[in-house]
Each structure stands twice: as structure tokens, then as C-alpha cells.
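Geometric and topological summary
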Amino acid sequence: MTLTQLRYLVAIADAGLNITLAAERVHATQPGLSKQLKQLEDELGFQLFVRKGRSLEGIAPAGEQVLQHARRILEEAANIRSYAANERGEHSGRLLLATTHTQARYVLPPVIAAIKRRFPRVNVDLQAAGDAEVLQRLAQDGADLALISTAGPAPQDGGVAVPLYRWRRVLLVPRAHPLAGLARAPTLAELARHPLISYESSTRADSSLQRTFASEGVEPQVAMTARDANLIKTYVRAGLGAGLLAEMAIGVREDEDLRLLPAPEALPECITWAVIPRGRVLRDYALALLHALAPQIDGRDLRRVLEGNQEPHWPVPPTWTELSQPISV
């Protein structure tokens, strides 16, 4: 039994039993991957997958057990490599980040640029996705960490959730919009009279936006949703409604043609979290990125929490305004 065979086994499972896709993901040939799988099954003495002809139809019960152990073995092998590289002071490798479009576009560029200057031999792989998909990327694609925002409790799935910073929502409207003349934040009732453009999560019944409006007995007119803040701005400019988006997504110059207003005070504050697989040994450059996003967190505490040697007691995260003055590594 080899680590390569176990890696191929996990790749097949994560590719939905698609041998061709699994081979592409591990940079192997399909015949080579199939051969390694057969050798593993021959050694174990039973089949790991349910087959129909030459196709895989499911994972056998015994295969599920082997798969669980294989994942843990591969994770620990990766941890040993990371630990050894940190001990050697070797700062090269791949940093895989799963994140939302807002973080990717408006928060991470200066941080990643600073990481690249400090660790020029590190390749950064940024995978931007919708809110619902980010934690899936963390679980399925082997990302080092995920960045995701909530207006409620910490994310419960995926690993250790580390609070990075707090932020609020803002409104963008055309200068001729009825709300543009307000010198204050509109109330929920005032905002509900106008079409709204916001993130795609806004239509979910359990979203903080829907819950907040419902708590005051009004219903928002969500006319359009998008996962990208720039698209929200585009349709605000087209006159489709008022844009409700994260304060990080506002540019002083690029949005000067629009009127900026605070969002209704009833809408709760949001927190951006880093979610890190529990037990993961992070490379030094990943810790440097986290420190840039959350300078209030001691890296030694973070290591101990990830290793399971300390309960998390994170300091209160700064506001986005406090953090962005300026972000540095």
C-alpha cells in the first residue's frame, strides 16, 4: 500500500467516481490510476467500489471505511511535509484559498501582493465562489483555508473558525434615486418601498436580511441578486434598484457617480472568518496571510488551537475601517 494509491482512492471519491476527472486532478493517466486502484484492492482482498461493468456505481461499505482512514493518513502526511518545510525555513509551495468574490476582489489583493513580496516562491491559487460553495471547496479541493462572512454565529462546518474583522453593509443608489436625498440611514420600512439589489444569499429565508426585515413586519423587494459586488453596482447604475453590499466593496473614485448611504441600523454587523481544517499544520506563509488579515491574533495561539492543545479564545476582531488603515504583512 502506498500514499499514491490512497491519494488516487480519495481522488476518485471526490470526483464523483469519475475516473477520467480523478486522473486529471492528480495528473495521472486513466489506465495508470485504474491499475493502482486494482493493486490496492488486490492487497486488501476486497473491492472498494460497487461496479457495473467497467463503471463505478458507488462506494462499497468497506470502501467507505478505508476512505475515511485514507483521508486521515493523507492529511497527516501533508502535515509532516508542512512541519518539515517550516523547520527548514523553506518558503516555497502553493497557497490555496477558497473565498467569496467580495474578499477576492476588495480585501485580498494588497494582502496577497505583500505575501508574494515576502515569499516570492509561493504560488497563490485563489478560488472565488458563492457563499454556499466556499466551505465545499475547503472540504473537497484541499484548500489551506477558506474566507467566509456571516451575520450570525461562527461557521460550524469545515474546521476551526477564526474571526478576522467586522464590517457593515452600505447602500449605493443613483443620485436621482428617492433615497439619495436622505442625510441618514433609511429605516427598513423606507428601504422596503424600493427595489433592492444584493448578494445571492439575500433571497434565502434564513439570511440575516430576510430575518431582519421579517422581525419588523416588512418584506424587502429583492429585484435582483448577484454574487459579485461589481455586478450589483452595474445594475444600480442601470436603475434597477438600490444596491445593498459590503462596505469593503466601495471605492472612493470608482463609485463617486453614486450616492453612498449607511444601511438600516437594524441590519446586523457581519464578521469575516477564516475557516481552517482542524489539525492542519499551516505553512509559515499561510500564517503570515492570516496575521495580515487579523493582526490581533497571536500565531502561537492559532497553532495550539489547530493542534487541539488549546481552546479558542479569540480577541474581539477589529472593524474593517480599523483593519484597513493599512493592511500589512
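Below you will find a few notes about this structure.

Analysis parameters
- Residues numbered from 1 in each chain as written.
- Predicted model: local features only at pLDDT ≥ 70, side-chain atom pairs only at ≥ 80, totals over all residues.
- Heavy atoms only, no water.
- Pairing = 2+ DSSP bridges.
- Helix = DSSP H or I, 4+ residues; strand = E, 2+ residues; numbered from the N terminus.
- Axes fitted to C-alpha atoms, helices over the stretch in contact; angles between N-to-C directions.
- 1 Å grid on protein atoms, 1.4 Å probe; cavity = no way out; pocket = protein on both sides within 12 Å on 5 of 7 lines; lining within 4 Å.
- Points joined across faces, edges and corners; volume = space filled by probe spheres on them.
- Nonpolar A, V, L, I, M, F, W, Y, C, P; charged D, E, K, R; others polar.
- Phe/Tyr/Trp six-rings, centres within 6.5 Å; stacked < 30°, edge-to-face > 60°.
- Buried < 20%, exposed > 50% of the residue type's maximum accessible area, 1.4 Å probe, protein only.
- Lys NZ or Arg CZ within 6 Å of the ring centre and 35° of its normal.
- Patch = residues over 30% accessible without salt bridge, like charges linked within 9 Å, V, L, I, M, F, W, Y side chains within 5 Å.
- Areas by Shrake-Rupley, 256 points an atom, 1.4 Å probe, with all protein chains shown as cover.
- Salt bridge = Lys/Arg side-chain N within 4 Å of Asp/Glu carboxyl O.
- Parallel < 35°, antiparallel > 145°, perpendicular 65-115°, else oblique.
- Left-handed = near helix turned anticlockwise from the far one by under 90°.
- Contact = heavy atoms within 4.5 Å.

Taken in spatial order, the 5 strands of this open sheet run β4-β3-β5-β12-β6, and their pairing is mixed. Among the strands making up the open sheet, the edge pair consists of β4 (122-129) and β6 (160-167). With strand direction ignored, the average angle separating the axes of adjacent strands in the sheet is 20°. In this structure, strand β5 (residues 145-150) lies alongside strand β12 (residues 270-276), joined through 5 bridges in antiparallel fashion. Note on β12: the bridge partner recorded for Leu147 is Ala274.

Let's shift gears to the layout of surface pockets. There is about 830 Å³ of room inside the second largest pocket. Lining the second largest pocket are 36 residues, and of these Asp131, Ser149, Thr150, Ser201 and Arg204 sit closest to its centre. Listing elements by their share of the lining of the second largest pocket, those giving two or more residues are α5 (101-118), α6 (131-140), β5, β8 (195-199) and α8 (208-215). Here the residues of the lining of the second largest pocket sort into 14 nonpolar, 14 polar and 8 charged.

Turning our eyes to something else, we now look at the packing of aromatic side chains. To describe a pair of aromatic rings, one takes the distance between the centres and the angle between the planes. Counted by the stated rule, this structure contains 2 aromatic pairs. Taken together, a centroid distance of 6.1 Å and an interplanar angle of 65° make the contact between Phe119 and Tyr285 edge-to-face. Within this pair, whereas Phe119 is found in the loop between α5 and β4, its partner Tyr285 is found in helix α10 (residues 284-293), the two being separated by 166 residues in sequence. Take Phe119: its relative accessible area is 5%, and that puts it in the buried class. The class of Tyr285 is buried, set by a relative accessible area of 2%. Geometry around Tyr106 places Arg105 over its ring, the cationic atom sitting 4.6 Å from the centre.

This paragraph deals with the sheet that holds β8. One open sheet accounts for 5 strands, arranged β9-β8-β10-β7-β11; its pairing is mixed. Both outer strands of the open sheet, β9 (221-226) and β11 (258-262), are each paired with one neighbouring strand and no more. In this sheet, adjacent strand axes meet at a mean angle of 30° when their direction is disregarded. Here strand β7 (residues 169-174) pairs with β11 via 5 bridges, running antiparallel.

A cluster of nonpolar side chains, contributed by Leu231, Tyr235 and Leu240, occupies part of the molecular surface with about 240 Å² of accessible area. Mapped onto the secondary structure, Leu231 falls in helix α9 (residues 229-237). In this structure Leu231 comes out as partly exposed when scored by relative accessible area, which is 41%.

Our focus in this paragraph is the packing of helix α1 (residues 3-14) against helix α4 (residues 61-88). Put simply, α1 and α4 touch, their axes get as near as 9 Å, and they point 120° apart. One way to sum up the angle between α1 and α4 is to call them oblique. Where α1 crosses over α4, the two elements pack in a sense that is left-handed. Two secondary-structure elements touch here, α1 through Leu3, Leu6, Arg7, Leu9, Val10, Ala13 and Asp14 and α4 through Val66, Leu67, Ala70, Arg71, Ile73, Leu74, Ala77 and Arg81. Residues belonging to the contact of α1 with α4 are distributed by class as follows: 11 nonpolar, no polar and 4 charged.

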